[in-house]
Amino acid sequence: MNAAADFVIVGGGVHGASLAFHLASTGAGSVILLEQHTLASGPTGRSGAMIRPLFTERAYIELVTAATVMFEEWDVIVGGDAGYRQPGFVRIVSEWTDDQLGADLKLFEKLGVRHDRISQSDLSQYVPLGTFHDDELGLFLPDGGFADPVWTTRTLARAAEQAGATIMEGVAVTGVSVTNGRIQAVETSAGRISSPVVVNCAGAWSRDLARMVGVELPIEDHRTPTAILYAPEGYPEGAPIQSDVRNKVYMRSMGANLLRVAHFGWHPDLANPDDFDETVSQEQLRTLRGASHQRAPSMRFTPVFGGFSAIYDMTPDGHPIVGLVDGPDGFWCNCGWSGNGFASAPAVGRSLAQLITQQPLDIDLSFFAWPRRDDITVRPDIQHVHQ
Ligand SMILES: Cc1cc2nc3c(=O)[nH]c(=O)nc-3n(C[C@H](O)[C@H](O)[C@H](O)COP(=O)(O)OP(=O)(O)OC[C@H]3O[C@@H](n4cnc5c(N)ncnc54)[C@H](O)[C@@H]3O)c2cc1C
């Protein structure tokens, strides 16, 4: 194959597919997306795929809010079914502080994010089968939900094709040609593709891709476990997603009878995304189940269905790297989402497409620029290191 495109996107996870859709929709030029395996075969396919604007920074809140609007109208805006459900999202805390909530309620007010403070006596309406400590309260986000990450990615990719993009699965980028400080082409397992623009949406592999153009990104891949448990008897279908600060776990339904349970934050466990242990240990399952039955005693006796380990592409501060980086002209990044990139992806693609094609931005992405601005601090929830 000898081909050419105005824009080459590397990576068919949710971010690559979203960008392909929005970039093709601008009509600014030809778009090719290259995926080494199959769409959503990386961390995207394992994602909890929860969508909730629980952040202390405006950019994230605006992006997740815009993405929520897209999910709500997916069939009209993108086309097809993203498996979206909107049961709401409840955070159980002991005080309504930014630190406990992982959110800034003043910003919520300013940006019009719908939220309800829940008193101790009402918590059981939102947390089925739960028991509570005297000091516990809740925050309910009625617009919180989750999607199917594979369907989300596939429908975005199909919409990109409808808008004129070419999606190539089973094609790996093996090198990037640069002449006089400008991107010229990508070398792939299927031949060369000339292009002045390459966008690194390679997720867990994005550090390797950046090295092909001599750019060093501070991204490390770490394993993270998820348990899948049967829902206990009496657990209602369509219950809100639970995010439990005391026990540092979140839990959401997965089909009618199963629940996925995982920790907040992350645990250092470096992994090679091409060859890592995807299983979950008995000890990890015990810890996750233990955390869930601290909240709901009936979780103690419900059978384990299984579990898996997947990868977070972590940056040192837990924020992604989005935009042009210090490298050859035409080399863009959208990576390092640090275990938190699904919710915003449908909207990030739109703003990044605007940035690349020099159109006015609907959401400012400069918070995610690399090198970082001096005033940017570590994302609060990545400070929780679990065992
Ligand atoms: C267990 C788990 C739970 C999560 N839960 C949530 C959640 O509830 N909410 C949330 O917002 N986020 C969540 N996340 C994070 C979110 O899923 C990720 O941030 C997001 O999916 C990353 O998408 P991506 O497209 O950037 O990267 P990836 O999914 O890593 O995709 C990158 C793709 O690039 C391809 N690729 C790499 N190198 C090359 C190459 N050289 N040539 C061609 N193709 C290449 C790969 O094969 C891969 O398919 C979770 C993540 C995990 C692992």
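The numbering scheme is per chain: residues are counted from 1 as the chain's sequence reads. The model is predicted, so local features are restricted to residues of pLDDT at least 70 and side-chain atom pairs to those at 80 or more, both for listing and for counting; the totals for chains, interfaces and linings are taken over all residues. The side-chain numbers reported here are obtained from all heavy atoms of the structure, hydrogens and water having been left aside.

### Details of the overall build of the protein
Secondary structure counts use DSSP, requiring at least four H or I residues in a row for a helix and at least two E residues in a row for a strand, with both numbered from the N terminus. When you go through the protein residue by residue, the secondary structure sums to 10 helices and 20 strands. What you see for the protein is a C-alpha radius of gyration of 21 Å, in line with the 21 Å of a compact globule of 387 residues. Structurally, the protein occupies a C-alpha span of about 65 × 45 × 40 Å along its principal axes. Relative accessible area decides the class of each residue, using a 1.4 Å probe on protein chains only: under 20% of the type maximum gives buried, over 50% gives exposed, and in between gives partly exposed. A buried classification covers 57% of the 387 residues belonging to the protein. Within the protein, residue pairs in contact and separated by at least 24 positions form 74% of the contacts whose partners lie at least 6 positions apart. Counting every atom, the protein has about 15,800 Å² of accessible surface; 48% of that belongs to carbon and sulfur. Charged residues are defined narrowly, with Lys and Arg counted positive, Asp and Glu counted negative, and His plus the chain ends left uncounted. Every charge is mapped to an atom, namely NZ of Lys, CZ of Arg, CG of Asp or CD of Glu. For the protein, the distance from the average site of its 28 positive side-chain charges to the average site of its 45 negative ones is 3 Å. Atoms considered for the radius of gyration are the C-alpha atoms alone. The globule rule reads 2.2 Å times the number of residues to the power 0.38. Contact criterion: two residues are considered in contact whenever any of their non-hydrogen atoms come within 4.5 Å of each other. Note that accessible areas follow from Shrake-Rupley with a 1.4 Å probe, and for residues the cover is restricted to the protein chains shown.

### Thoughts on the site of the ligand
Nearness is defined per residue: one heavy atom within 4 Å of the molecule or strand is enough. Around the ligand sit 39 residues, and of these Glu 35, Thr 44, Ser 47, Met 50 and Ala 343 come closest. We define a polar contact as two N or O atoms separated by no more than 3.5 Å, with the added condition that, inside protein, one atom must be a possible hydrogen donor and the other a possible acceptor, whereas residues neighbouring each other in sequence contribute only through side-chain atom pairs. A distance of 2.6 Å is found between an oxygen atom of the ligand and a side-chain nitrogen or oxygen belonging to Thr 44. For the ligand, a nitrogen atom lies 3.0 Å from a polar atom in the backbone of Gly 48. In isolation the ligand has 1,000 Å² of accessible area, and contact with the protein removes 98% of it. For the shell around the ligand, the secondary structure elements donating two or more residues are helix H1 (14-26), strand S3 (31-35) and strand S18 (304-314). Per-element tally for the shell around the ligand: the top contributor is S18, with 3 residues. Residue classes follow a fixed rule: Ala, Val, Leu, Ile, Met, Phe, Trp, Tyr, Cys and Pro count as nonpolar, while Asp, Glu, Lys and Arg count as charged, and any other residue, Gly among them, counts as polar. Considering only residue class, the shell around the ligand consists of 20 nonpolar, 16 polar and 3 charged.

### A look at the layout of surface pockets
The gaps of empty space that remain are located by a probe, the size of a water molecule, rolled over the atoms. Think of a 1 Å grid over the protein atoms and nothing else: a 1.4 Å probe that fits but is trapped marks a cavity, an open set flanked by protein within 12 Å on at least five of seven lines marks a pocket, and residues with an atom within 4 Å of a point count as lining. Grid points are joined across faces, edges and corners, and a volume is the space filled by probe spheres set on the points. Here the second largest pocket is characterised by a volume of approximately 410 Å³. Secondary structure elements with two or more residues in the lining of the second largest pocket: helix H7 (149-162) and strand S16 (249-254). Of the residues in the lining of the second largest pocket, the class split is 8 nonpolar, 6 polar and 6 charged.

### A word on the domain arrangement of the protein
The assigned domain composition of the protein is domain 1 (2-52 + 149-219 + 317-383) and domain 2 (85-143 + 220-314). Put simply, the middle of domain 1 and the middle of domain 2, counted by C-alpha atoms, are 29 Å apart. With 20 residues of domain 1 at the contact, the number on the domain 2 side is 20 residues. Of the roughly 1,800 Å² buried at the junction of domain 1 and domain 2 (both faces included), carbon and sulfur atoms supply 57%. Three residues, Arg 46, Met 50 and Ile 219, lead the burial of domain 1 against domain 2; their summed loss comes to 32% of the area buried on that side. Each salt bridge in this description consists of a side-chain nitrogen of Lys or Arg and a carboxyl oxygen of Asp or Glu lying within 4 Å of one another. Taken together, the links from domain 1 to domain 2 amount to 1 salt bridge. We note a salt bridge from Glu 278 to Arg 46, for which the minimum N-O separation is 3.1 Å. The tally of links between domain 1 and domain 2 comes to 8 residue pairs in polar contact (both at pLDDT 80 or more). Of the residues belonging to the side of domain 1 that touches domain 2, the class tally is 11 nonpolar, 6 polar and 3 charged. Reported domain spans reflect what an automatic or database domain assignment gives. Buried area: the sum, over both parts, of the accessible surface (1.4 Å probe) that disappears when the two are put together.

### Focus: the packing of aromatic side chains
A pair of Phe, Tyr and Trp rings is counted when the ring centres sit within 6.5 Å of each other, with Trp represented by its six-membered ring. The angle between the planes then sorts it: under 30 degrees is stacked, over 60 is edge-to-face, the rest tilted. Per the stated rule, a full pass over the model turns up 10 aromatic pairs. Measuring from centroid to centroid gives 5.1 Å for Tyr 60 and Phe 368, while their planes differ by 75°, and the two rings are edge-to-face. Of this pair, Tyr 60 sits in helix H2 (residues 58-72) while Phe 368 sits in the segment after helix H10 (345-356), and the two are 308 residues apart along the sequence. By the burial criterion, Tyr 60 is buried, and Phe 368 matches it. Judged by centre distance (5.3 Å) and plane angle (20°), the rings of Phe 71 and Tyr 84 are stacked. Here the residue Phe 71 occupies a position in helix H2, and Tyr 84 occupies one in the loop between helix H3 (74-77) and strand S5 (89-93), the gap between them amounting to 13 residues.

### Some thoughts on the sheet that holds S16
Strands sit in the order S6-S7-S5-S15-S16-S17-S14-S18 across an open sheet of 8 strands; the sheet is mixed. If you trace the sheet from one side to the other, it starts and ends with strand S6 (116-118) and S18, each paired once. Strand after strand, the sheet turns through a mean of 20° between neighbouring axes, direction not considered. As paired elements, strand S15 (residues 241-244) and S16 share 3 bridges and run antiparallel to each other. Of the residues in S16, the one forming a bridge with Gln 242 is Met 251. Packing of helix H9 (residues 282-295) onto the sheet brings it into contact with S5, strand S14 (220-230), S15, S16, strand S17 (258-263) and S18, and relative to S14 it is tilted by some 60°. Only strands joined by at least two bridges in the DSSP assignment are considered to pair. Helix axes use the C-alpha atoms of the stretch in contact, all axes being lines fitted to C-alpha atoms, and the angles between their N-to-C directions lie in the range 0 to 180 degrees.

### Structural notes on a nonpolar patch on the surface
In this scheme, patches are assembled from residues that exceed 30% relative accessible area and form no salt bridge. Like charges are connected within 9 Å, while nonpolar side chains (Val, Leu, Ile, Met, Phe, Trp, Tyr) are connected within 5 Å. On the surface, a cluster of nonpolar side chains totalling about 260 Å² of accessible area is made up of Val 69, Val 76 and Ile 77. Locating Val 76 in the fold gives a position in helix H3. Residue Val 76 is classed as exposed on the basis of its relative accessible area of 67%.

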